[in-house]
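Observations on the model geometry
For reference, the chains in residue letters:
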Amino acid sequence: KTPLLMSEKDEAIDEDDEMQQAYGSRSLEWTNKYRSVIPYEKARTSVMDLGLRDKSDWDEYVADGKIYHGPYLPNHPDQMYHKEWVSWDEFL
């Protein structure tokens, strides 16, 4: 079993969680909850259905407000899913 660490709030946290990166200015707890609700493969499958060809298409889609997904997909999936991330080509 992975050893537990103590956070600044004296809460026990899993060492594997400590290795994770929080998304933007969000907390690690929020980031992990988001990842559990919308895991990488679910996000990737949803995005692949859009037919975007490359990161510039993604950036344009984000700039247009992600009209088919609203706020449910992160603007920076490479940061949100950094552990699973391979490349934009693979994601799109």
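Residues numbered from 1 in each chain as written. Predicted model: local features only at pLDDT ≥ 70, side-chain atom pairs only at ≥ 80, totals over all residues. Heavy atoms only, no water.

**A closer look at the nonpolar core**
In this structure, Trp-58, Tyr-81, Phe-91 and Leu-92 are the most contacted members of the largest nonpolar core, which totals 16 residues. Top contributing element to this core by residue count: helix α3 (residues 40–48), with three residues. The contacts of Phe-91, once residues within four sequence positions are left out, are Tyr-40, Ala-43, Arg-44, Val-47, Met-48, Pro-77 and Trp-85. (Core = buried A, V, L, I, M, F, W, Y, C linked by side-chain atoms within 4.5 Å. Buried < 20%, exposed > 50% of the residue type's maximum accessible area, 1.4 Å probe, protein only. Helix = DSSP H or I, 4+ residues; strand = E, 2+ residues; numbered from the N terminus. Contact = heavy atoms within 4.5 Å.)

**Side note on α3**
All of the buried residues along α3 are Tyr-40, Ala-43, Arg-44 and Val-47. Take α3 and look down its axis: the buried residues cluster within an arc of 100°, on one side only. Along its buried surface, α3 packs onto α4 (55–63) and α6 (88–91). (Arc of directions from axis to C-beta.)

**A few points about the confidence of the model for the protein chain**
Of the residues in the protein chain, 77% reach a pLDDT of 70 or more, and the chain-wide mean stands at 77. By mean pLDDT, strand β1 (residues 4–6) is the weakest element of the protein chain at 40, and α6 is the strongest at 95. The low-confidence segment residues 1–13, where pLDDT is below 50, has 18 contacts with residues more than four positions distant or belonging to other chains. (pLDDT = per-residue confidence, 0-100.)

**Quick notes on α4**
Along α4, the residues that are buried comprise Asp-57, Trp-58 and Tyr-61. Relative to the axis of α4, the buried residues are bounded by an arc of 100° and lie together on one face. Seen from the open side of α4, the exposed residues pointing more than 90 degrees away from its buried face are Glu-60 and Ala-63. Close packing links the buried residues of α4 with α3, α5 (77–80) and α6. Positive backbone phi, at 90°, marks Gly-65, one or two positions downstream of α4.

**Observations regarding the environment of Tyr-68**
Position of Tyr-68 relative to the elements: it lies in the loop between α4 and α5. Sequence-wise, Tyr-68 and Ser-46 are 22 residues apart; in three dimensions their C-alpha atoms are separated by 9.8 Å. With residues up to four places along the chain from it excluded, the contact list for Tyr-68 reads Leu-50 and Tyr-61.

**Quick notes on the pattern of salt bridges**
Enumeration over the complete set of coordinates arrives at four salt bridges. In this structure, Glu-41 and Arg-44 form a salt bridge, with 3.6 Å as the shortest nitrogen-oxygen distance. On the criterion of helical spacing, the pair formed by Glu-41 and Arg-44 is a turn pair, its members being three residues apart in helix α3. Note on Glu-41: relative accessible area 45%, which makes it partly exposed. The residue Glu-90 makes a salt bridge to Arg-44 at a minimum N-O spacing of 3.1 Å. Within this pair, whereas Glu-90 is found in helix α6, its partner Arg-44 is found in helix α3, the two being separated by 46 residues in sequence. (Salt bridge = Lys/Arg side-chain N within 4 Å of Asp/Glu carboxyl O.)

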